[in-house]
Amino acid sequence: MLRINNIGIFTLLTLAGLFLGLLSFFDSGSQGIILLLLGISLGAVFLFFQYGFASGWRSLIVKKNPSMISYHFLLASLCCIIFIPLIELSPNIIGSYAPVNLSLLIGAFIFGFGMQLANGCGSGVLFTFGSGSTRMMVALPFFIIGSVIGTFILPFVIDIMSLGQIIIAGNATATQKTLVNFIALFGVFLLFHMYVRKRNISIDKKLLLGTFAVAILCVLVLIFSGSPWGVTYGFTLWGAKLFQSIGIPIESFTFWNYSGPKRSLEHSVLSDTSSLINIGMIIGAGLLASIIGMFSSAKWPPKVELISAAIGGLLMGIGARLSFGCNIGAFLGGTASGSLHGWIWFAMAFVGTYFGIIYRDKVGFK
Amino acid sequence: MNQKKVYVIIIILTLTLIIYDHLTSPVLSISSPGQTKEACAPCGAPCKEE
């Protein structure tokens, strides 16, 4: 049942969704509307199941509870069963591959640190912003600014200590490659899961269900967009277009002359996969929040938390560009595609998270 | 300021900017930057040329 005080938000977001869906449909056909709907579903699912990365990682470090992080590996292992065969067999589907280099190490570390300051990762910022989080109203604009700053830096550092793309079991057949990657990802899930059982931590069945729901949506995104789901490039593009609108010659920077970014900068934001899904996520989370009464009515958090959110957003933006994505694009998309960079991203972001938690303690961030 | 008001302002502003951008920019097919030939990463950055 709709809560009366949220009908305004519900109406606004419904109109926004319908209008953008129609615009996208008229120009790009059914693909645009499908991707927007998948984004809406992702936003609703993430909010409903409270599917967080930042809190799950913190839970392991602070409470020695790997329950949530185990589901992240289960999610990646489920995705990899479908991702790798599709990537191998379909010429129209690409994996989330990226080079293993110095910028990956540094960027992932920065991202992990920033994620704890902002209290959310790429997807977390989107769905909590959609549901009215004041902290994310601060974190998101800084995330966008940070990701544009990242595009200025990336071309200068991308080749430093670069080993190029490393595909796990790269010379094997599609079946062997899927099996190797699945065993590795599912193995980590099992290790964490065994620890959960050993410590008698109760298994969260709702999150388990959420993991399957997110996995299905990730596979659908891959099928309908032709590439694994990624969050942060959308932010980068939004920022670049905003910078351009205030007279900053973004188009003359090296990154924006690479053919992919150049194409997206010159075209409508609604012709970019990541942007469409991001917009959908905000709408989906906001719609669900307004329907089931989860729309935030909290007051503005203390100044220290808002400043931390701003710094965290900025760092996540820079880190995401340097390390080729966030928990979704780099870790989930990378590991599920069989790319080594996904594993390295996880390790470095986890170290960053550790230091981010130390910072949170020091400034009294609850 | 009330957080709900800020939220509504951000959504309306964003929507206006998206529509403006959409109406003033060409639209081809929907794609990701990583789908270009020379892309070495999902953001479209190329690998070092050997």
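Criteria and thresholds
- Residues numbered from 1 in each chain as written.
- Chains lettered and ligands numbered in written order.
- Predicted model: local features only at pLDDT ≥ 70, side-chain atom pairs only at ≥ 80, totals over all residues.
- Heavy atoms only, no water.
- Helix = DSSP H or I, 4+ residues; strand = E, 2+ residues; numbered from the N terminus.
- Buried < 20%, exposed > 50% of the residue type's maximum accessible area, 1.4 Å probe, protein only.
- Contact = heavy atoms within 4.5 Å.
- Areas by Shrake-Rupley, 256 points an atom, 1.4 Å probe, with all protein chains shown as cover.
- Phe/Tyr/Trp six-rings, centres within 6.5 Å; stacked < 30°, edge-to-face > 60°.
- Lys NZ or Arg CZ within 6 Å of the ring centre and 35° of its normal.
- Salt bridge = Lys/Arg side-chain N within 4 Å of Asp/Glu carboxyl O.
- Polar contact = N/O pair within 3.5 Å; in protein donor to acceptor, adjacent residues only side chain to side chain.

Draft legend 1. Just the overall build of chain A, in detail. When its secondary structure is counted, chain A shows 15 helices and zero strands. With respect to the principal axes defined by its C-alpha atoms, chain A has extents near 55 × 50 × 40 Å. Residues counted as buried form 60% of the 366 residues belonging to chain A. In chain A, once contacts between residues fewer than 6 apart in sequence are set aside, the share between residues at least 24 apart is 83%. Roughly 13,800 Å² of accessible area belongs to chain A as shown, and the carbon and sulfur atoms make up 71% of that amount.

Draft legend 2. Just the packing of aromatic side chains, in detail. Residues and elements named next belong to chain A. Applying the stated criterion across every chain, the model contains 30 aromatic pairs over all chains. Here the aromatic rings of Trp-57 and Phe-350 are separated by 5.8 Å at their centres, their planes lie at 45°, and the arrangement is tilted. With a gap of 293 residues between them, Trp-57 in helix H3 (residues 54-63) and Phe-350 in helix H15 (residues 340-363) connect regions that are remote in the sequence. The class for Trp-57 is buried, based on a relative accessible area of 0%. Pairwise contacts between aromatic rings join Trp-57, Phe-73, Phe-111, Phe-143, Phe-192, Phe-235, Trp-238, Phe-331, Trp-343, Trp-345, Phe-346 and Phe-350 into one cluster. Against the face of Phe-48 rests Lys-206, its NZ or CZ located 4.7 Å from the ring centre.

Draft legend 3. Local environment of the interface of chain A and chain B. Contact with chain A, which involves 60 residues of that partner, is made by 39 residues of chain B. Put simply, chain A and chain B have one salt bridge between them. Here A:Lys241 and B:Asp21 are joined by a salt bridge, their closest N and O atoms 2.9 Å apart. Applying the counting rule to chain A against chain B returns 17 residue pairs in polar contact (both at pLDDT 80 or more).

Draft legend 4. Representation of the side chain of A:Ser290. Mapped onto the secondary structure, A:Ser290 falls in helix H12 (residues 273-292). From its side chain, A:Ser290 meets the backbone oxygen of A:Leu287 in a polar contact 2.8 Å long.

Draft legend 5. Here's a closer look at the environment of A:Gly120. Residues and elements named next belong to chain A. Structurally, Gly-120 is set in the loop between helix H5 (102-118) and helix H6 (122-130). Residues Gly-120 and Asn-278 lie 158 residues apart in sequence; the distance between their C-alpha atoms is 15 Å. Residues within four places of Gly-120 in sequence aside, it is in contact with Ala-54, Met-115, Val-125, Met-136 and Met-316.

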